[in-house]
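Read off the chains here:
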Amino acid sequence: MADTVSTHPPRSPAGLEPGGIRSGNHPWRIRLVKHPKRFESSHFRAAKKAAKKILAETGDDHLPYGPRPGANEHWEMHHGGSLWVKGTGGWQMYRARVGIEWSMQFCADPVKVDRLRREAAELVEAFPRTLPALVALGYEEAEELLGTPVTDADGVEAWTDSLFNACVPLSRGNHQGVLPKVPGEHHYPWPIKGADYVRFEDFQLWVTLPDGTHGAVAPVDRRGSGDGHVRLLHVPEGSTASDTVAEAQELRMMAVLPPNSSAALQAFAEQIVPGSRTASGPLAADAAARSPQP
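Rules behind the numbers
Residues numbered from 1 in each chain as written. Predicted model: local features only at pLDDT ≥ 70, side-chain atom pairs only at ≥ 80, totals over all residues. Heavy atoms only, no water. Helix = DSSP H or I, 4+ residues; strand = E, 2+ residues; numbered from the N terminus. Contact = heavy atoms within 4.5 Å. Phe/Tyr/Trp six-rings, centres within 6.5 Å; stacked < 30°, edge-to-face > 60°. Buried < 20%, exposed > 50% of the residue type's maximum accessible area, 1.4 Å probe, protein only. Lys NZ or Arg CZ within 6 Å of the ring centre and 35° of its normal. Core = buried A, V, L, I, M, F, W, Y, C linked by side-chain atoms within 4.5 Å.

The next point concerns the environment of Ile 272. Its place among the elements puts Ile 272 in the loop between helix H9 (262–267) and helix H10 (284–290). Here the alpha-carbon distance between Ile 272 and Ala 284, two residues twelve residues apart in the chain, equals 4.7 Å. With residues near it in sequence (within four places) discarded, Ile 272 still touches Leu 265, Thr 278, Ala 279 and Ala 284.

The structure is reproduced here in structure tokens:
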């Protein structure tokens, strides 16, 4: 039986029914052209070199988006606003208010990019070990980058490809991947993808929907509540659930799947008793602890 997606206010299992399928008749066309050859600037080469040295000094437990790539993989540097600083416990990375993708530099206003520079400089100033440590790693341009106002396209390029923007270290999957393998930051909304780095390991964020597309779900209540409903947060365009999710957002409601839906059972599979027909109920570990011992 296909899962049914309902839209309703939070914490209300019995709510509005979907409003049906809508379609548009406004045609559109887009011209495909060959991508201009991309080159690595000297700024990016220097930033990547420094970032790799930083990562080599950083223990696995302190990597921003671990785990470390395997033997046949390597770190990919994402232009995501990488604010590297060194504190008393070693290197750590904060993310800027906004990151500038390589292609986005060509529409970036120097005035707005300079605000990012000033914010980064203020953060680094709070970590006085940072600049001397970067010089020791060979990244001597850090102080000049932080102290030079961005006023033109050259300044935008230098900042875009700098250590303070271009070096969010990600595995290939987390960077460019697509489901059903690994969702990457280039293809999935960051508010959703970001949950991959903070979720419980036994909660499945990404599930397969009845039409074969992949969606992201979240619990509607805290762990251990016994509520097996899941909120459908993201589906790809073309999914049969996309209209309902869009309608729920427009109405400021949630699109929720019931505890016996395949999505809920997938999401909570590692938390519920194997073979359960509903995701509602106590955690499997709690249920086992309460069972009478032989």
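From this point on, the discussion continues.
Next up on the list: the packing of aromatic side chains. For the coordinates displayed, the defined rule picks out eight aromatic pairs. Measuring from ring centre to ring centre gives 6.2 Å for Tyr 65 and Trp 190, while their planes differ by 85°; the resulting arrangement is edge-to-face. Placement of Tyr 65 in the loop between helix H1 (42–57) and strand S2 (76–78) and of Trp 190 in helix H7 (residues 190–193) is noted, with a sequence separation of 125 residues between them. Overall, Trp 190 belongs to the partly exposed group, its relative accessible area being 36%. Among the aromatic residues, those joined into a ring-pair cluster are Tyr 65, Trp 190 and Tyr 197. Positioned above the aromatic ring of Trp 190 is the side chain of Arg 95, whose terminal nitrogen or guanidinium carbon lies 4.3 Å from the ring centre. The lysine or arginine in question, Arg 223, covers the ring of Phe 200, its NZ or CZ lying 4.1 Å from the ring centre.

The tendency in soluble globular proteins is for nonpolar side chains to be buried as a group. Residues Trp 84, Leu 134, Tyr 139, Trp 159, Leu 163 and Phe 164 are the most contacted members of the largest nonpolar core, which totals 39 residues. When residues of this core are traced back to their parent elements, those giving at least two are H1, strand S3 (82–87), strand S4 (90–95), helix H2 (110–125), helix H3 (130–136), helix H4 (142–147), helix H5 (153–160) and strand S5 (168–170). Examining the composition of this core, we find that six residues originate from one element, H1, more than from any other. Leaving out residues up to four positions away in the same chain, Leu 163 has contacts with Ala 47, Ala 50, Ala 51, Ile 54, Ser 82, Trp 84, Leu 134 and Tyr 139. Ranked by size, the runner-up nonpolar core spans 18 residues in total, among them Phe 203, Leu 209, Ala 264 and Ile 272.

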